[in-house]
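# Structural characterization, general
Here are the chains, one letter per residue:
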Amino acid sequence: MNAYRFARAHGAPDDVLADLSSAVLTSYRVYLDCKGEHDWVPEVWDGCDGERCQKCGCCMYMINLDQCRDIVIRPTLLALNAVEEGQYSRSAEQLLLGTLVVESAGKHLKQVGGPAMGFFQIEPATEEDIWKNWLRFRSELRYVVEGMLSEDISRTQQLATNLCYACAMARQVYRRSPLPLPDPGDAAGFGRVWKIAY
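As the structure is a computational prediction, the values presented were derived from the model and not from experiment. Here the residue numbering is sequential within each chain, running from 1 through the sequence in written order. Note on the predicted model: pLDDT of at least 70 is required for a residue's local features to be given, and 80 or more for side-chain atom pairs to be given and counted; whole-chain, interface and lining totals, by contrast, use all residues. No hydrogens and no water enter the side-chain calculation; it runs on all heavy atoms of the structure.

## Here's the deal with the overall build of the protein
For the protein, the helix and strand inventory stands at 9 helices and 2 strands. Secondary structure elements of the protein occur, N-terminal to C-terminal, as α-α-β-β-α-α-α-α-α-α-α. Buried means the residue's accessible area, taken with a 1.4 Å probe over protein chains only, is under 20% of the maximum for its type, while exposed means over 50%, and partly exposed covers the values in between. Per-residue burial for the protein yields a buried fraction of 45% across its 198 residues. We call two residues in contact whenever any of their non-hydrogen atoms come within 4.5 Å of each other. Contacts in the protein between residues at least 24 apart in sequence constitute 54% of all its contacts with a sequence separation of at least 6. As presented, the protein carries roughly 10200 Å² of accessible surface, and 53% of it is formed by carbon and sulfur atoms. Under the DSSP-based scheme used, a helix requires at least four consecutive residues in state H or I and a strand at least two consecutive residues in state E, with every element numbered from the N terminus. Residue exposure ignores everything except the shown protein chains as possible cover, and the areas themselves are Shrake-Rupley values with a 1.4 Å probe.

And the structure:
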């Protein structure tokens, strides 16, 4: 995943990015197949001691993806779906989880060498555009998203500090796209949507 982000940030050709993206999607597909029944083994990687799942390759040092799905992504999407049908689906849930994995590996709250913030790596300009050109015209949805915000911290800062808000904004990035969501478990389809819409 780090290799993909580095290559993309440094203008690698599309064919190189496609190969790297395929490797990321393969890892994510294996994670989906793991269904939370990880086979943890001690391992040293990137200079850190920890545990890595032998089946899917996820590590204990990044955010726990099962908990993130159950405690952050699903409740956030259900809250949005209460006022706008289509915000929640199993596909949306899996797409956001995959986005988190690809964008930040669940460990970077600030983009390395760039402006994006949070586990979903949303740029401040994208966030502002969502407020001005999307939420502005959806008062009920805007009200729900506003309810997720803390009053004492800037919205942009909350992309890194407020997981539910960041998740809601990431969902709107995809929601604004005309692309249909793939079927649940379609990691390659998620990759195509992510590459085009995100």
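## What about the packing of aromatic side chains?
Two rings belonging to Phe, Tyr or Trp (six-membered ring only in the last case) form a pair when the distance between their centres is within 6.5 Å. Interplanar angles under 30 degrees mark stacking, angles over 60 mark edge-to-face geometry, and anything in between is tilted. The full count for this structure, using the stated rule, is 1 aromatic pair. Two conditions define a charge sitting above a ring: the NZ of Lys or the CZ of Arg must be within 6 Å of the ring centre, and it must be within 35 degrees of the ring normal. Directly above the ring of tryptophan 134 sits arginine 138, whose terminal nitrogen or CZ lies 3.4 Å from the centroid.

## Details of the packing of helix α3 (residues 65-81) against helix α8 (residues 163-175)
Two measures define how a pair of helices packs: the angle their axes make with one another and the distance between the axes. Every axis corresponds to a line fitted to the C-alpha atoms, with the helix fit spanning only the stretch in contact, and the corresponding angles, defined between N-to-C directions, vary from 0 to 180 degrees. Closest axis-to-axis distance for the α3/α8 pair is 9 Å, and the angle between their directions is 60°. As far as their axial angle goes, α8 and α3 are oblique. In this structure, α3 crosses over α8, and the sense of that crossing is right-handed. Between α3 and α8, the residues in contact are Val72, Ile73, Thr76, Leu77 and Leu80 and Leu163, Cys164, Cys167, Ala168, Arg171 and Gln172, respectively. Each angle gets one of four labels, with under 35 degrees taken as roughly parallel, over 145 as roughly antiparallel, 65 to 115 as roughly perpendicular, and the rest as oblique. The sense of a crossing depends on the near helix, which, turned anticlockwise from the far helix by less than a right angle, makes the crossing left-handed and, turned clockwise, makes it right-handed.

## Regarding the side chain of glutamine 172
Here glutamine 172 shows up in helix α8. Among the polar contacts made by the side chain of glutamine 172, one reaches the side chain of tryptophan 134 at a distance of 2.9 Å. When neighbours within four sequence positions are excluded, glutamine 172 is seen to be in contact with Leu80, Gln87, Ile130, Trp134, Leu135 and Leu141. Within 3.5 Å is the distance limit for a polar contact, defined as a pair of N or O atoms, with the added protein rule that one can donate a hydrogen and the other accept it, and that residues adjacent in sequence qualify only through two side-chain atoms.

## A look at the nonpolar core
In plain words, nonpolar cores are sets of buried Ala, Val, Leu, Ile, Met, Phe, Trp, Tyr and Cys residues tied together by side-chain atoms within 4.5 Å. Counting residues in each nonpolar core, the largest one holds 40 residues, and the members touching the most others are Ile73, Leu80, Leu96, Phe120, Leu135, Val145 and Met169. Going through the elements one at a time, α3, α4 (90-104), α5 (124-133), α6 (139-147), α7 (155-161), α8 and α9 (187-197) are the ones with two or more residues in this core. Ranked by residue count, the leading element in this core is α8, at 8 residues.

## Here's the deal with the pattern of salt bridges
Each reported salt bridge corresponds to a side-chain nitrogen of Lys or Arg within 4 Å of a carboxyl oxygen of Asp or Glu. What the rule picks out here adds up to 10 salt bridges. Between glutamate 84 and arginine 138 there is a salt bridge whose closest N-O contact spans 3.7 Å. Pair noted here: glutamate 84 is in the loop between α3 and α4 and arginine 138 is in the loop between α5 and α6, with a separation of 54 residues, a long-range link. The exposure class of glutamate 84 is buried, given its relative accessible area of 15%.

## Some words on the state of the cysteines
Cysteine sulfur pairs qualify as disulfides if the two atoms are within 2.5 Å. What the rule picks out here adds up to 0 disulfides. The thiol sulfur of cysteine 164 is not disulfide-bonded, and the nearest other cysteine sulfur, from cysteine 167, lies at 7.0 Å. Judged by its relative accessible area of 29%, cysteine 164 falls in the partly exposed class. With relative accessibility at 0%, the residue cysteine 167 sits in the buried group.

## Thoughts on the confidence of the model for the protein
Confidence along the protein averages 81 in pLDDT terms, with 69% of residues attaining 70 or more. Low pLDDT (under 50) marks residues 1-13, which in the prediction has 24 contacts with non-local residues, meaning those over four places away or in another chain. Low pLDDT, under 50, characterises residues 45-49; the predicted model gives this stretch 12 contacts beyond four residues in sequence or across chains. One confidence number per residue, pLDDT, is output by the predictor and ranges from 0 to 100.

## Some words on unusual backbone geometry
Of note, glutamine 121 is a non-glycine position whose phi angle comes to about 50°, a positive value. One can find glutamine 121 in the loop between α4 and α5. In this structure glutamine 121 comes out as buried when scored by relative accessible area, which is 9%.

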